[in-house]
Amino acid sequence: MAGRNHLTIPGPTNVPHEILSAMHLPMEDHRSPIFPDLLKPVLEDLKKVFRTETGQAFVFPATGTAGWEIALTNTLNPGDKVLIYRFGQFSHLWMSMAQRLGFEVEMHEVEWGKGIPVDALEARLLADSEQEIKAVLATHNETATGVTSDIAGVRKAMDAAQHSALLFVDGVSSIASMEFNMEEWGIDAAVSGSQKGFMLPAGLAILAFSQKALTAAKTGTYPRCFFDLKDQIATNKDGYTPYTPSTPMIHGLRKSLDILLEEGMKNVYARHYRLAEGTRLAIKAWGLELCAQAGFESDTVSAVMVPEGKDAKEILSVAFNKYNISLGAGLTEVAGKLFRIGHMGDMNDVSMLGSIAGVEMALLDCGYDIQAGSGVAAALEYYRETA
Ligand SMILES: *Cc1c(COP(=O)(O)O)cnc(C)c1O
């Protein structure tokens, strides 16, 4: 089919041409005297995206999933107790990883469509008078349901309970797109990956640790090797890595940081809010509902519920086969019940309108009772007014 596949999934996201070009270069000597000129500023500038001054950023040749493991295994001791709320496939997978790694997991089920219940969290931490919980695992943006949790509220709850647990935050689909304040929110380990807000191919786990977490990493006795922060710290200090880095990816990350910081993080957040808001207005015009309940709507992905009796997979299939647009599927418990529209990364008003038009055509083809052009009209009016 002519034209590019219109990539509207919540990761991998579109890679800007400047990043693709920056990565298209010959292999180089990663032990050369000039390699640190590339890596050191990248690690420094990452802190501006995570919004931390006192923390330290790390890049591993891996993916976001590894970031969960890096946070858990570097700072905790075997069998330590961790607390997690589950409200979608990604919080589920993080919980499952903690179990498989042998940590004692206390999991609280939350209705899919809502995020972390901060009042319940505060009550639970207050009840933990022996401070047995060593870490709180918080999924900032649950990509499976398009739900954003209030991490400032999580920090407030932890402080109100005077609890010393570490705060780990999965920001894979929020960092570099949505408001994220590592320092202000007192986050101890912030986890991200390259293929979402950073607009790169998959292949890097991108993290930042607080000083508190770095101190814990010095004494943590959980066995680790490839993911050991100590090896990164020892080599990063001089601008090198413990093993061969993916040099094209580091060049791509350099360009990604240039693009993000030139736009300015506040502007990046505002752009994602607008893209999301236009999408939400289109969804409303179609008479459909988000999986996210009021107050939890994500600015990087909208998960759209289909009415009873409809199969959301049908929309995905028509969209892909007939219109060459890729949408996100419903995962596990919500498979067939919802489809997801990604509005993350390298997108603007017009590319978003293309996605909305593609969804709208697929909905019409699948027999949804909607007015042709209604979603596009709602979104474009909003984009025009707020541009
Ligand atoms: C994509 C994603 C992950 C997993 O990242 P991978 O790079 O696929 O390992 C984890 N958490 C969230 C919230 C995500 O969106």
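Analysis parameters
- Residues numbered from 1 in each chain as written.
- Predicted model: local features only at pLDDT ≥ 70, side-chain atom pairs only at ≥ 80, totals over all residues.
- Heavy atoms only, no water.
- Core = buried A, V, L, I, M, F, W, Y, C linked by side-chain atoms within 4.5 Å.
- Buried < 20%, exposed > 50% of the residue type's maximum accessible area, 1.4 Å probe, protein only.
- Domains from an automatic or database assignment.
- Contact = heavy atoms within 4.5 Å.
- Helix = DSSP H or I, 4+ residues; strand = E, 2+ residues; numbered from the N terminus.
- Polar contact = N/O pair within 3.5 Å; in protein donor to acceptor, adjacent residues only side chain to side chain.

Enquirer: An account of the nonpolar core is requested, with residue identities and associated values reported.
Expert: Formed by 54 residues in total, the largest nonpolar core has its most connected members in L46, F50, L167, F180, I187, F198 and L253. Counting the residues that make up this core, at least three belong to each of domain 1 (6-12 + 265-386) and domain 2 (17-262). Not counting chain neighbours up to four residues away, the residues in contact with I187 comprise I151, L167, V169, F180, N181, M182 and S210. Of all hydrophobic cores here, the second largest spans 34 residues; its members include F58, F60, F103 and A216.

Enquirer: Could you give an account of unusual backbone geometry, naming the residues involved and the relevant values?
Expert: Residue P12 is bonded to the preceding G11 through a cis peptide linkage, with omega at -5 degrees. In this structure, R51 is a non-glycine residue whose phi angle is positive, near 60 degrees. Take R51: it is sitting in the loop between α2 (35-50) and β2 (56-61). Judged by its relative accessible area of 22%, R51 is partly exposed. The phi torsion at M199 lies on the positive side, around 60 degrees, for a residue other than glycine. Its location among the elements puts M199 in the loop between β9 (189-193) and β10 (204-209).

Enquirer: A description of the side chain of R274 should follow, citing residues and the corresponding values.
Expert: Residue placement: R274 occurs in helix α10 (residues 265-285). Residue classification places R274 among the buried residues on the basis of a relative accessible area of 17%. A distance of 3.1 Å separates a polar atom in the side chain of R274 from the backbone oxygen of Y383. Excluding its chain neighbours within four sequence positions, the residues that come into contact with R274 are D349, Y382, Y383, T386 and A387.

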